[in-house]
Amino acid sequence: QLTGVLDDCLCDIESIDDFNTFKIFPKIQKLQERDYFRYYKVNLKRPCPFWADDGHCSIKDCHVEPCPESKIPVGIKAGSSNKYSKAANNSKELEDCEQANKLGAVNSTLSNQSKEAFIDWARYDDSQDHFCELDDERSPDAQYVDLLLNPERYTGYKGPSAWRVWNSIYEENCFKPRSVYRPLNPLAPSRGGSCLFCLCLEKRVFYKLISGLHASINLHLCANYLLEETWGKPRWGPNVKEFTRRFDPVETKGEGPRRLKNLYFLYLIELRALSKVAPYFERSVVDLYTGNGHEDAESKALLLDIFRDTKSFRMHFDEKSMFAGDKKGAKSLKEEFRLHFKNISRIMDCVGCDKCRLWGKLQTQGLGTALKILFSEKEIQSLPENSPSKGFQLTRQEIVALVNAFGR
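Computed from a prediction, not measured in an experiment: that's the story for all the values here. (Residues numbered from 1 in each chain as written. Predicted model: local features only at pLDDT ≥ 70, side-chain atom pairs only at ≥ 80, totals over all residues. Heavy atoms only, no water.)

Enquirer: Looking at this structure, how should I read the nonpolar core?
Expert: Where a protein is soluble and globular, its nonpolar side chains tend to be buried together. If you look at the biggest cluster of nonpolar residues, it comprises 98 residues, and the most contacted ones within it are V277, F281, F337 and L358. The element contributing the most residues to this core is helix α9 (residues 255-282), with 15 residues. Here V277 is in contact with F307, I373, I380, F392 and L394, once residues within four sequence places are set aside. Formed by five residues, the second largest nonpolar core is a distinct cluster that contains C67, I72, I76 and Y144. (Core = buried A, V, L, I, M, F, W, Y, C linked by side-chain atoms within 4.5 Å. Buried < 20%, exposed > 50% of the residue type's maximum accessible area, 1.4 Å probe, protein only. Helix = DSSP H or I, 4+ residues; strand = E, 2+ residues; numbered from the N terminus. Contact = heavy atoms within 4.5 Å.)

Right, here's the structure in full:
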């Protein structure tokens, strides 16, 4: 049972539990079931950029079932990545698009190398404020996945391949005391006299976000575990023994509760991002467009209702305390922070189990979107009311990832 105040913020666990249980969670659950948020486009075939592929998980539960084109709402599959409003998906534009496709035979003469170059240019142009390596939605390997039909759960993926991914994340990308090898207990003084509190606030925040993400994923694997499979019928459910192994204070030598506290910290960061991005969605030019006007209006009303709740929370994390030193040093640290996180998003392409890769990429992109929002406050405040955004934009993929990551 966790209690008490979280480090680096003026918030206690009991307040978060009450707020989430009675206000946020029921509404987020409903939102995740709506068409706009249940379909996520992802490329699960991108090669691992850091080491030779270990080979994919052969267990059938690792498989992700892509969604047939016929099942995707017309408004979702018709719009490009930034076009999620009705105005951007009107029938005239769709007709033009279809006509262009018919006339676009020249595109088929491009070599694969040229196509990759074009994709890279577009990705670079749009990457200056991103904390994640984004999948290119135009890639032939990118497919829509129904998140409700491919839930995050334990698939049997474990061992050296899984260990290598998390070890790489912590060792190469996570700010931590140098004398701590694998940071299993980073808050305790090590033999070198180093501890997490010896790091600056920004680096502590980074470490705790990654640890919180790790805890979130482990919690979902414990909560939805393959308990037995008889006559080809799997039975999924909570595995208390596995939960105890990963989080019990005695079994983990006191580290388990810290991992769980980092999960609460991650929740606070994403909650803060939702409260900050509300003005972006409150504008009339933004619809959560699927092509079904009634459903779209209900989805937006529910999202705005959640935003109102996030604003009512009294103990938000204060991101203004970060990067508040001298301008040059703060800018350099912020860029380092962004590049470290971007690297972590690339490591998710090294996960050998497709279902684990799907949810790892989605939750990493969701957290990256939250960070992008927190560091774009001025751009959000200066958005025009009745015209598309110029300075700050969110793609549909980022919106879906943000909501679903927070939902986890």
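Right, picking up where we left off after that structure.
Enquirer: Help me understand the state of the cysteines in this model?
Expert: Put plainly, a disulfide is one covalent bond tying together the sulfur atoms of two cysteines. If you walk through the whole model with that rule in mind, you get one disulfide. Between C48 and C350 runs a disulfide, and the two sulfur atoms are separated by 2.0 Å. Judged by the sign of its S-S torsion, about 75°, the cystine formed by C48 and C350 is right-handed. On the criterion of sequence distance, the pair formed by C48 in the loop between β1 (39-43) and α3 (74-78) and C350 in the loop between α11 (327-347) and α12 (354-374) is long-range, its members being 302 residues apart. On the basis of relative accessibility, which here comes to 14%, the residue C48 falls in the buried class. Of the residues examined, C350 reaches a relative accessible area of 4% and is grouped as buried. No disulfide involves C11; its nearest neighbouring cysteine sulfur is the one of C9, lying 5.8 Å away. (Disulfide = S-S within 2.5 Å.)

Enquirer: Looking at this model, I keep getting lost on the side chain of E242. Mind explaining?
Expert: Its location among the elements puts E242 in helix α8 (residues 240-247). Given a relative accessible area of 12%, E242 falls into the buried group. Within the local environment of E242, its side chain forms a polar contact with the side chain of R245, the two groups lying 2.7 Å apart. Ignoring anything within four residues of it in the chain, the contact list for E242 reads C222 and Y225. (Polar contact = N/O pair within 3.5 Å; in protein donor to acceptor, adjacent residues only side chain to side chain.)

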